[in-house]
Amino acid sequence: MGITIPARIAGFRGQCIESVQVSDDGVHIHCRRDKRFGLRGSGSGNPGILNRWLHRVVEDTPIFGKRTLVHIEYAQVFINRGLVEVEELSFVTPGSRVTNRYARLISGLCRYMPVSAVSLYVGLRWNTVKNIDKEWMKKTLPIKKPCDLEGLEYIGVDEVARAKGQDYVTVVYDLGSGDLLWVHEGRTSSVLGRFLDALDEETANGIKAVAMDMGLAYQCAVKQWLPNADIVFDRFHVMQMYSKALAQVRRALFKSADDEGKEMLKGSRYLILPNKCNLNKAKQSRLELLLAANAPLNEVYILKEQLQSLWDKPVSFEQMRANLDAWCELADECGLAPIKRVAATLRNHAVGICNYAKHPISNARVEAGNVAIGLIRKRARGIKDLKYFILKIFQISTPVDKHAWLSANHKPGLSTV
């Protein structure tokens with residue numbers, strides 16, 4: 001006796017389930033084409049007439065832990081004399097060997113697990129899992145082309161390593177919304193120029209400022225393609241440069257210290273580099289004792305705090321520039337070569353640093369994204385497929401749509417068992 005069940009449960013719209021068989025290799029669901037549904041080509045979407053019937057086996061999500069294979073019947077559609085297409089199926093993508101819901105499940109697992117682990121979990125080959133994940137991301141990720149962007153005011157640009165060595169990609173974020181806009185291999189001026197050149201004239205003219213590090217390549221691209229936009233050197237990179245100089249000073253002091261001084265300086269790197277407010281009380285007490293006993297280290301630590309205060313609610317560009325010049329004079333007076341080199345660099349980049357007073361933006365969102373990208377790279381232990389790596393970057397930067405995951409994403413209908 002046949003049983004009629006809603007198509008939203010089976011999810012095979014346009015198919016009638018004739019039988020279900022259980023064997024050693026899994027569950028086999030045999031379907032025939034429901035003739036009540038019209039024929040449309042999957043490529044053009046145009047209606048047509050039957051050319052011939054085709055048969056295909058696709059894998060679906062496991063039932064009770066057993067592999068599930070769906071045997072479907074579908075049509076080859078005659079659109080016109082020069083065009084013949086297979087019909088459009090809502091539950092499987094043309095050319096795919098798995099249903100859309102199984103692809104969604106596999107891609108969801110790959111978002112948080114290595115491909116190798118997902119491969120073992122679902123019982124598919126590594127390359128098969130990677131290709132399923134790659135195709136699903138191509139289909140579902142909301143990636144916009146530069147020519148389709150609008151309303152940009154502030155963007156952040158940075159480079160991130162794809163693997164060890166000189167292998168980088170350039171990332172561009174919208175600092176207003178926090179959205180990832182663009183990823184491309186390389187970190188040269190021409191790479192960023194490809195993105196900026198693709199923007200339409202109205203969008204490009206609307207960009208007020210670009211946040212970046214102090215590398216020359218990105219500066220050249222912005223000056224060429226966005227001549228009216230200001231360059232803002234990111235606070236994070238400025239303080240990172242000073243932290244490296246501070247570490248060099250500590251290392252030099254350690255080498256020249258006596259045994260008692262070396263004992264005090266041992267392990268102090270992680271006391272002087274973080275902000276004092278981020279240390280617990282025990283570490284703050286130790287830091288105070290260290291600075292009281294070592295005058296040169298105390299001086300460069302005070303300079304670090306003064307440098308950070310430049311970004312605390314600057315009144316104007318002119319005032320911030322005056323504060324920066326005063327800091328550079330103090331840095332020169334300390335007489336320490338690493339700190340003097342930092343002061344010289346900041347003088348050369350004073351305009352970009354002080355543009356923060358006009359455009360209080362930072363690359364904090366970009367740096368957070370770079371941390372997430374690093375986790376992808378670490379989890380995968382390197383990704384050879386650059387296009388797949390770029391898609392994974394967009395995936396990790398896109399919030400999970402819980403409603404899309406919970407819904408079946410199929411139109412209601414009827415299937416007959």
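Residues numbered from 1 in each chain as written. Predicted model: local features only at pLDDT ≥ 70, side-chain atom pairs only at ≥ 80, totals over all residues. Heavy atoms only, no water.

## Observations concerning the pattern of salt bridges
Okay, so step 1: Using the criterion set out here, one finds 16 salt bridges in the structure.
Okay, so step 2: One salt bridge connects Arg36 with Asp34, and the closest N-O pair in it is separated by 2.7 Å.
Okay, so step 3: Taking the relative accessible area as the measure of exposure, Asp34 reaches 3% and is therefore buried.
Okay, so step 4: Members of the salt-bridge network, linked through shared partners, are Lys130, Lys134 and Asp385. (Salt bridge = Lys/Arg side-chain N within 4 Å of Asp/Glu carboxyl O. Buried < 20%, exposed > 50% of the residue type's maximum accessible area, 1.4 Å probe, protein only.)

## Here we look at the pairing of strand E6 (residues 83–86)
Okay, so step 1: For strand E5 (residues 66–80) and E6, the ladder comprises four bridges, and the chain directions are antiparallel. For Asn80, the partnering residue across the bridge sits in E6 and is Leu83.
Okay, so step 2: Joining the antiparallel neighbours E5 and E6 is a turn of two residues. (Pairing = 2+ DSSP bridges. Helix = DSSP H or I, 4+ residues; strand = E, 2+ residues; numbered from the N terminus.)

## Re the confidence of the model for the chain
Okay, so step 1: Mean pLDDT over the chain works out to 86, with 93% of the residues at or above the 70 mark.
Okay, so step 2: Long-range and interchain partners of residues 403–417, a stretch whose pLDDT sits below 50, account for 37 contacts in this model, where long-range means more than four residues apart. (pLDDT = per-residue confidence, 0-100. Contact = heavy atoms within 4.5 Å.)

## Examining the nonpolar core
Okay, so step 1: Grouped together as the largest cluster of nonpolar side chains are 97 residues, with contacts concentrated most on Phe195 and Trp327.
Okay, so step 2: Among all residues touching Trp327, those that are not within four sequence positions of it are Tyr242, Leu303, Gln306, Leu307, Val342, Ala343 and Leu346.
Okay, so step 3: Of all hydrophobic cores here, the second largest spans 14 residues; its members include Ala10, Phe12, Cys31 and Phe91. (Core = buried A, V, L, I, M, F, W, Y, C linked by side-chain atoms within 4.5 Å.)

## Digging into the state of the cysteines
Okay, so step 1: Scanning the entire structure with this criterion turns up zero disulfides.
Okay, so step 2: In this structure Cys31 is a free cysteine whose sulfur lies 8.3 Å from that of Cys16, the closest cysteine sulfur available.
Okay, so step 3: On the basis of relative accessibility, which here comes to 9%, the residue Cys31 falls in the buried class.
Okay, so step 4: Cys354 provides the cysteine sulfur closest to Cys328, a residue in no disulfide bond, and the two sulfurs are 9.1 Å apart.
Okay, so step 5: The exposure class of Cys328 is buried, given its relative accessible area of 0%. (Disulfide = S-S within 2.5 Å.)

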